[in-house]
Number of protein chains: 2
Amino acid sequence: MSATPAALEVLSTQDCWELIGPGGVGRVAFAGLRGLTVLPVNYRVHDGVVVFRTRRGGEMEEDLRTGIKDVDRGIAFEIDRIDNVTESGWSVLLRGPAHLVTGDEPVPAGEDVRPWAGGTRDLHIQITPHEITGRRVFPVQGHG
Amino acid sequence: MSATPAALEVLSTQDCWELIGPGGVGRVAFAGLRGLTVLPVNYRVHDGVVVFRTRRGGEMEEDLRTGIKDVDRGIAFEIDRIDNVTESGWSVLLRGPAHLVTGDEPVPAGEDVRPWAGGTRDLHIQITPHEITGRRVFPVQGHG
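**Re the overall build of chain A**
Then, in step 1: Across its full length, chain A holds two helices and ten strands.
Then, in step 2: From first element to last, N terminus to C terminus, chain A shows the α and β order β-α-β-β-β-α-β-β-β-β-β-β.
Then, in step 3: Put simply, chain A has 144 residues, and 48% of those count as buried.
Then, in step 4: A sequence separation of at least 24 residues applies to 71% of the contacts in chain A between residues at least 6 apart.
Then, in step 5: Counting only carbon and sulfur atoms, one obtains 50% of the accessible surface of chain A, whose full area is about 6600 Å².

Right, dumping it as structure tokens:
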């Protein structure tokens, strides 16, 4: 095969935040007890914080809860939008500690975060990224 | 808010393979030098092996190459299809070692793997999962 010529553009931090701002489906990745885990979740963005919900007592809480409320070890959150027809799109990757929001704390934008997976999902997790990177990919003009 | 009632169904191994069989866009996750990394890539499935391509000399090769050709440490590959309107969909997660296909090896289904990100992408990576899990989520009837 011959690879489709394409261009890769590194996104600015501001571009990244604007692209992920509307919320929707993202993928959370973490080193779980059974290995590296990646799960789709619905998320919201609020004041530089990404919030999503998952099931209390589920795999994620089991993995993230290590006796402390804040998890410093790596968690990543990826959002992308890819048009399969035009083969263009973007992806954004956030890295940062996860924080389990407990009952005595307000949930940033949490009222609008709808759980994607079924069941009772009442665990809010927020990520305040210390790093956000992104890239946009689009076909090179004239090579179509 | 009240969570949307939904049901979660654990998928069989066979279901997982059938769902990811057509190929398309998936997300590879690995513990990189700069932290946990998740990137969208185009993939193909061939005889129980997932193959995707990435850029030679890029972040992924840098991370996966540690002087050995096969990487035993955790790599994960996630594929999902989610309908934002019906809030139904599925996700599949594979775990297993990554193998960098070198020039003297045939690339399983590699001729059809189109790189998603731009630039020269001539590094084939294949994952032979030792674990494949998946789940399907759909709204509960009558609660709409």
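**Section: the nonpolar core**
Then, in step 1: In terms of nonpolar packing, the biggest core is built from 23 residues, with Ile20(A), Val28(A), Tyr43(A), Phe52(A), Phe77(A), Val92(A) and Leu94(A) touching the most fellow members.
Then, in step 2: Elements represented by at least two residues in this core include exactly helix 1 (13–20), strand 2 (24–32), strand 3 (35–46), strand 4 (49–54), strand 6 (75–83), strand 7 (88–95), strand 8 (98–101) and strand 9 (123–127) of chain A.
Then, in step 3: For this core, the leading source of residues is strand 3 of chain A, giving four residues.
Then, in step 4: By size, the runner-up hydrophobic cluster in this structure holds 22 residues, among which are Ile20(B), Leu39(B), Val50(B) and Leu100(B).

**Notes on the packing of aromatic side chains**
Then, in step 1: The full count for this structure, using the stated rule, is four aromatic pairs over all chains.
Then, in step 2: Relative to Phe77(A), the ring of Tyr43(A) has its centre 5.4 Å away and its plane inclined at 70°; by these criteria the two rings are edge-to-face. Separated by 34 residues along the polypeptide, Tyr43(A) in strand 3 and Phe77(A) in strand 6 bring together distant segments of the chain. Each member of the pair, Tyr43(A) together with Phe77(A), is buried.
Then, in step 3: Ring geometry for Phe52(B) versus Phe77(B): centroids 5.6 Å apart, planes at 20°, classification stacked. You can see Phe52(B) sitting in strand 4 (residues 49–54) and its partner Phe77(B) sitting in strand 6 (residues 75–83), a full 25 residues away along the chain. With respect to burial, Phe52(B) and Phe77(B) carry one shared label: buried.
Then, in step 4: By the ring-pair criterion, three or more aromatic residues cluster together here, those being Tyr43(A), Phe52(A) and Phe77(A).

**Remarks on the pattern of salt bridges**
Then, in step 1: Taken as a whole, this structure holds eleven salt bridges over all chains when the rule is applied.
Then, in step 2: Its salt-bridge partner being Arg27(A), residue Glu78(B) comes within 3.9 Å of it at the nearest N-O pair. Highlighted residues: Glu78(B) in strand 6 and Arg27(A) in strand 2, drawn from two different chains.
Then, in step 3: Of the charged contacts in the structure, one is a salt bridge between Glu131(B) and Arg95(B), with a shortest N-O distance of 3.0 Å. On the criterion of sequence distance, the pair formed by Glu131(B) in strand 10 (residues 131–139) and Arg95(B) in strand 7 (residues 88–95) is long-range, its members being 36 residues apart.
Then, in step 4: Here the salt bridges do not stand alone but share partners, grouping Arg27(A), Glu78(A), Asp80(A), Arg27(B), Glu78(B) and Asp80(B) into one network.

Calculation criteria
Along every chain, residues carry numbers that run from 1 in the direction the sequence is written. Lettering for chains starts from A, numbering for ligands starts from 1, and both go in the order in which the items are written. With pLDDT at 70 or above as the cut-off, local features in this predicted model cover only qualifying residues; side-chain atom pairs require 80 or more to be listed or tallied, and sums for whole chains, interfaces and linings still use all residues. No hydrogens and no water enter the side-chain calculation; it runs on all heavy atoms of the structure. Where helices and strands are cited, they refer to DSSP runs of H or I of at least four residues and of E of at least two residues respectively, numbered from the N terminus. Exposure classes here rest on a 1.4 Å probe applied to the protein chains alone. A residue is buried below 20% of its type maximum, exposed above 50%, and partly exposed in between. Contact definition: two residues touch when any of their heavy atoms are within 4.5 Å. Here the open area of atoms and residues is found with the Shrake-Rupley method and a 1.4 Å probe, where only the protein chains shown may cover a residue. Put simply, buried Ala, Val, Leu, Ile, Met, Phe, Trp, Tyr and Cys residues joined by side-chain atoms within 4.5 Å make one nonpolar core. Side-chain rings of Phe, Tyr and Trp (the six-membered ring for Trp) are treated as a pair once their centres are within 6.5 Å; stacked means planes under 30 degrees apart, edge-to-face means over 60, and tilted covers the remaining angles. The salt bridge criterion pairs a side-chain nitrogen of Lys or Arg with a carboxyl oxygen of Asp or Glu, the two atoms within 4 Å.

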